[in-house]
Amino acid sequence: MITSLSQRSLEVRRGGTILDSGSRRDTFSVLTAGLAARTRIRENGARQITAILVPGDVCDFSVLFSEPSLHRVEALTDCEIASDRIEAVQALMILDPFLTWTTCRSAAAELGRREAWVLNARQRTPTRRVAHVLCEIFDRTRGTTFADRDVCSLPLGLDDLASATDSAEEDVEIAMRLLRQDGVIEVDAQILAVRDWPELCDIGQYEPLRASQLQAFPVNKQQRSRQV
């Protein structure tokens, strides 16, 4: 499926901007490698991460309706983006009902995750917030980078986790230390190892995803285009 959208491939370095808030694009883009984040600047000037994007996620659905982007999308790691003209994607959706279904399913799943993030940021303790974010990243990316399915990449620093959980960096540091001390997780060199998945889910009040929800547009690494 992703190959039908890979008319153009773009590489964005860590910290780079994939999409600016308020911008209008004439391309529909899907993340094919790396981790990215949707962010907003709050009234006090603080950066707020509102979603983590993994390979297979759509960068911004609003472009399909010619609406300006509500978020900035930034690369948390080196990223690859596959894109095609909006008109071409819309034509494909008319011809291919499965693509339309996949896009709608992706949008619905994203809405569900966004509601979970709102709940996570407002009604849980910092430790539960951190655990929830770790659960989502682990559940959606494990097995894609490492052969060990109990391990995933965790390129987020304390500042990123604080922005994603609406917590102070000190609270995030304490939460991570408690989770390590309790034998729930291990973190070394930006690699997260989950030693007690049920316990992490329980702490984060997280419902594990079904396999069909993990990626909006499954990415086959062998099929990536590197055309610029």
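Residues numbered from 1 in each chain as written. Predicted model: local features only at pLDDT ≥ 70, side-chain atom pairs only at ≥ 80, totals over all residues. Heavy atoms only, no water.

### Some words on the overall build of the chain
Check the secondary structure of the chain and you find 6 helices and 10 strands. Evaluated residue by residue, the chain yields a buried proportion of 47% over its 228 residues. Carbon and sulfur atoms make up 50% of the accessible area of the chain, which amounts to about 11,500 Å² in all. (Helix = DSSP H or I, 4+ residues; strand = E, 2+ residues; numbered from the N terminus. Buried < 20%, exposed > 50% of the residue type's maximum accessible area, 1.4 Å probe, protein only. Areas by Shrake-Rupley, 256 points an atom, 1.4 Å probe, with all protein chains shown as cover.)

### Quick word on empty space enclosed by the protein
Taken as a whole and assessed by the stated rule, the structure comprises 3 cavities of 30 Å³ or more. Empty space within the second largest cavity amounts to approximately 60 Å³. Lining of the second largest cavity is provided by Ile18, Leu19, Arg25, Thr27, Ser29, Cys59, Asp60 and Val63. Those elements giving two or more residues to the lining of the second largest cavity turn out to be strand E2 (17–19) and strand E3 (27–33). By residue class, the composition of the lining of the second largest cavity is 4 nonpolar, 2 polar and 2 charged. (1 Å grid on protein atoms, 1.4 Å probe; cavity = no way out; pocket = protein on both sides within 12 Å on 5 of 7 lines; lining within 4 Å. Points joined across faces, edges and corners; volume = space filled by probe spheres on them. Nonpolar A, V, L, I, M, F, W, Y, C, P; charged D, E, K, R; others polar.)

### Brief notes about helix H1 (residues 86–95)
Inspection of H1 places Ile86, Ala88, Val89 and Met93 among the buried residues, and these make up the whole buried set. Buried residues of H1 fall within an arc of 160° about the axis and therefore sit on the same side. Residues Ile94 and Leu95 are exposed on H1 and point more than 90 degrees away from its buried face. (Arc of directions from axis to C-beta.)

### Some thoughts on the packing of aromatic side chains
According to the stated counting rule, one finds 2 aromatic pairs in the structure shown. Ring centres of Phe138 and Trp197 lie 5.1 Å apart, and the angle between their planes is 50°; this geometry places the pair in the tilted category. With Phe138 in helix H3 (residues 126–141) and Trp197 in helix H6 (residues 197–204), the pair connects residues that are 59 residues apart, well separated along the chain. Summarising the burial analysis for this pair, Phe138 and Trp197 share the class buried. By way of ring pairs, the aromatic residues Phe138, Trp197 and Tyr206 are connected into one cluster. (Phe/Tyr/Trp six-rings, centres within 6.5 Å; stacked < 30°, edge-to-face > 60°.)

### Quick look at the pairing of strand E6 (residues 72–75)
Bridging between E2 and E6 involves 2 bridges; their strand directions are antiparallel. Looking across to E6, one finds that Leu19 is bridged to Val73. With 4 bridges connecting them, strand E4 (residues 36–41) and E6 associate as antiparallel partners. Looking at the pairing, Ala37 lines up with Glu74 of E6. (Pairing = 2+ DSSP bridges.)

### Points about helix H5 (residues 169–181)
Over its 13 residues, H5 extends 18 Å from the first C-alpha to the last, a length consistent with the 18 Å expected when each residue adds 1.5 Å. Within the sequence span of H5, burial applies to Val172, Ala175, Met176 and Leu179. Down the axis of H5, the buried side of the element spans an arc of 95°, and every buried residue falls inside it. Looking at H5, the residues exposed on the side facing more than 90 degrees away from the buried face are Glu170 and Gln181. In this structure, the buried side of H5 is in contact with H3, helix H4 (158–165), strand E9 (185–188) and H6. Looking at the residues trailing H5, positive phi occurs at Gly183, about 75°. (Expected span 1.5 Å × (residues − 1). Contact = heavy atoms within 4.5 Å.)

### A word on the side chain of Thr165
Mapped onto the elements, Thr165 comes out in helix H4. Note on Thr165: relative accessible area 0%, which makes it buried. In terms of polar contacts, Thr165 uses its side chain to reach the backbone carbonyl oxygen of Leu161, at 2.7 Å. Here Ser167 takes part through its side chain, which lies 3.1 Å from a polar atom of the side chain of Thr165. (Polar contact = N/O pair within 3.5 Å; in protein donor to acceptor, adjacent residues only side chain to side chain.)

### So, the pairing of E9
Pairing between E9 and strand E10 (residues 191–194): 4 bridges, direction antiparallel. Among the inter-strand pairings, Ile185 is bridged to a residue of E10, identified as Val194. Once E9 ends, the chain turns through 2 residues before running back antiparallel as E10, passing Ala189 with a positive phi of about 50°.

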